[in-house]
Amino acid sequence: MIGLNISQLASINHEETEKNIDQIISSLNKKGEWEGETQNVKGDGSLIWSRSTISTFTHPVHGEVWLGVYRDISETKIAELALRESEEKFRLMNSQVPGVVYQYKIDKNGMHSLPYASPRIKEYIGLSATEVIADVNKWFELTHPDDYDSLVESIIYSQQNMTLWSWEGRFIKNKNEERWLHGAATPTKLSDGSILWNGVYIDITDRKQAEAELDTYRDHLEELVKERTRDLEEARDIAEKASKAKNLFLSRMSHELRTPMNAIIGFAQVLEMDNLDEKQHSYVNEIITGGDHLLELINELLDLSRIETGKIDVSLQTVKILPVIEYALQSIHPLVEKMNLTLDNKCTEEAEVLADPTRFAQVLINLLSNAAKYNSHGGRIEIDCS
């Protein structure tokens, strides 16, 4: 079996063999027999495992004799070592997987069990792998009451259709800690009619909490948007009411001012028909001119609302500048005399501009009025067109 004769076997200085020989001799001296496994070296130098039974008896001629039976179990031992190595690799892999690796089984009679669960399961649900493997119901009992039905329904659907099982739900860890888990497993139908799921659970509690916070922020943002929209609508309504009130005020005010203004202009025109000296005629003419201009300003009040709506009408045409300046100077003549100002108008009769006549005149009146109003006493106003 080992390819060596007695003398060769005796000459082998193998540590394991020496250890076994010491144990064998001790057992034979005490009990008269020994049974166990030994490891020897074959003639080609390879190791061999054997199952041995050795007993002693006294021979009439040879004295004490050892009788042994050896059975080669090398293949079995090699298979055991390979299995042990594979299990060690599997345990190492499971320790590195960021989740719980497990097997779930339903037999043909509907009985369910948990043949395997990796040690990390205790981090997830507070029970050890040994506890849930011994009683799979303990796992189900920790399912959140609101998620239990969906868990059972998802398993039944996967069982009936032999499709990938996928589920998210909550488990209650240590009686008061809520953990979100996501599970996925692939079913396989075994020869005995049972179904075995190989799968994994991962903890998604952090993700679920982040989603809940995001939903809260989104709901809060939507409420802020609604609140801001209501504020804007209220502000719009107030602005619309204010605009209507302003338009009504301008309409009424322009009407109230236009009536006495028409009376002033009318009586001035009647007065102009009387026999007036040159100075009186000049005064009356200024009243009429100023009144006409003021009447135009009153009419312009209504243009404010048109400006806001972008509907103001502008009539662009070629306007001689000099007549408009002379008209504007007549309007500020009293202020010029009061301030003892000197006027120097350098505009020629040929000077022209493309503008709305009424609004151009108003701009010039405002400019010249400010020039006189904010001038120094005895100052100078110079007008030039280029």
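Residues numbered from 1 in each chain as written. Predicted model: local features only at pLDDT ≥ 70, side-chain atom pairs only at ≥ 80, totals over all residues. Heavy atoms only, no water.

### A short note on the overall build of the chain
Phase 1: Scanning the chain from N- to C-terminus turns up 13 helices and 12 strands.
Phase 2: Expressed as a percentage of the 386 residues in the chain, the buried residues total 29%.
Phase 3: Considering only contacts in the chain between residues 6 or more positions apart, those separated by 24 or more positions represent 54%.
Phase 4: A total accessible area of about 25,800 Å² is found for the chain, and carbon and sulfur atoms account for 54% of it. (Helix = DSSP H or I, 4+ residues; strand = E, 2+ residues; numbered from the N terminus. Buried < 20%, exposed > 50% of the residue type's maximum accessible area, 1.4 Å probe, protein only. Contact = heavy atoms within 4.5 Å. Areas by Shrake-Rupley, 256 points an atom, 1.4 Å probe, with all protein chains shown as cover.)

### A look at helix H7 (residues 145-161)
Phase 1: Over its 17 residues, H7 runs 26 Å from end to end, which matches the ideal 24 Å to within 8%, given 1.5 Å per residue.
Phase 2: Three or more residues of H7 are buried, namely Asp147, Leu151, Ser154, Ile155 and Ser158. Along the axis of H7, the buried residues cluster in a sector spanning 100°; they form a single face. The outward face of H7, more than 90 degrees from its buried face, is lined by the exposed residues Pro145, Asp149, Glu153, Tyr157 and Gln160.
Phase 3: Trailing H7 by a residue or two, Met162 shows a phi angle of about 50°, which is positive. (Expected span 1.5 Å × (residues − 1). Arc of directions from axis to C-beta.)

### What about the state of the cysteines?
Phase 1: If you walk through the whole model with that rule in mind, you get 1 disulfide.
Phase 2: Two residues, Cys347 and Cys385, share a disulfide whose sulfurs are 1.7 Å apart. Every disulfide takes its handedness from the sign of the S-S torsion; for Cys347 and Cys385 that torsion is 75°, giving right-handed. Here Cys347 is found in the loop between strand E10 (342-345) and strand E11 (352-355), whereas its partner Cys385 is found in the segment after strand E12 (380-383), with 38 residues between them in sequence. (Disulfide = S-S within 2.5 Å.)

### A short note on a negative patch on the surface
Phase 1: There is a patch of like negative charges on the surface, built from Glu227, Asp231, Glu233 and Glu234.
Phase 2: Within the secondary structure, Asp231 is located in helix H8 (residues 205-272).
Phase 3: Given a relative accessible area of 35%, Asp231 falls into the partly exposed group. (Patch = residues over 30% accessible without salt bridge, like charges linked within 9 Å, V, L, I, M, F, W, Y side chains within 5 Å. Salt bridge = Lys/Arg side-chain N within 4 Å of Asp/Glu carboxyl O. Lys, Arg positive; Asp, Glu negative; His and termini not counted. Charge placed at Lys NZ, Arg CZ, Asp CG, Glu CD.)

### As for the nonpolar core
Phase 1: Membership of the largest hydrophobic core comes to 26 residues, with the highest contact counts inside it found for Tyr102, Tyr104, Ile125, Trp165 and Tyr201.
Phase 2: Residue contributions to this core peak at 4 residues, all from strand E4 (residues 100-106).
Phase 3: The contacts of Trp165, once residues within four sequence positions are left out, are Tyr102, Leu151, Ser154, Ile155, Ser158, Gly183, Ala184, Ala185, Trp197 and Tyr201.
Phase 4: Core analysis: the second largest hydrophobic core is formed by 22 residues, Ile321, Ala328, Val336 and Ala372 among them. (Core = buried A, V, L, I, M, F, W, Y, C linked by side-chain atoms within 4.5 Å.)

### So, empty space enclosed by the protein
Phase 1: The full count for this structure, using the stated rule, is 1 cavity of 30 Å³ or more.
Phase 2: Approximately 140 Å³ is the volume found for the largest cavity.
Phase 3: Around the largest cavity, the lining residues are Tyr102, Tyr104, Leu114, Val136, Trp139, Phe140, Leu151, Ile155, Trp165, Ala185, Trp197 and Tyr201.
Phase 4: Among the secondary structure elements, those contributing two or more residues to the lining of the largest cavity are E4, helix H6 (137-141), H7 and strand E8 (195-203).
Phase 5: Per-class residue counts for the lining of the largest cavity are 12 nonpolar, no polar and no charged. (1 Å grid on protein atoms, 1.4 Å probe; cavity = no way out; pocket = protein on both sides within 12 Å on 5 of 7 lines; lining within 4 Å. Points joined across faces, edges and corners; volume = space filled by probe spheres on them. Nonpolar A, V, L, I, M, F, W, Y, C, P; charged D, E, K, R; others polar.)

### Some words on a nonpolar patch on the surface
Phase 1: A cluster of nonpolar side chains, contributed by Ile21, Ile25 and Trp66, occupies part of the molecular surface with about 280 Å² of accessible area.
Phase 2: As for its position among the elements, Ile21 is in helix H2 (residues 15-31).

### What about the sheet that holds strand E3 (residues 63-72)?
Phase 1: Read from one edge of the open sheet, 3 strands run E1-E2-E3, paired in antiparallel fashion. Across the chains shown, the open sheet's two edge strands, defined by having one partner strand only, are strand E1 (33-41) and E3. Taking each pair of neighbouring strands and ignoring which way they run, the sheet shows an average axis angle of 35°.
Phase 2: Relative to E3, strand E2 (residues 47-59) runs antiparallel, the two being bridged by 10 bridges. The partner of Ser55 across the bridge, within E3, is Leu67. (Pairing = 2+ DSSP bridges. Axes fitted to C-alpha atoms, helices over the stretch in contact; angles between N-to-C directions.)

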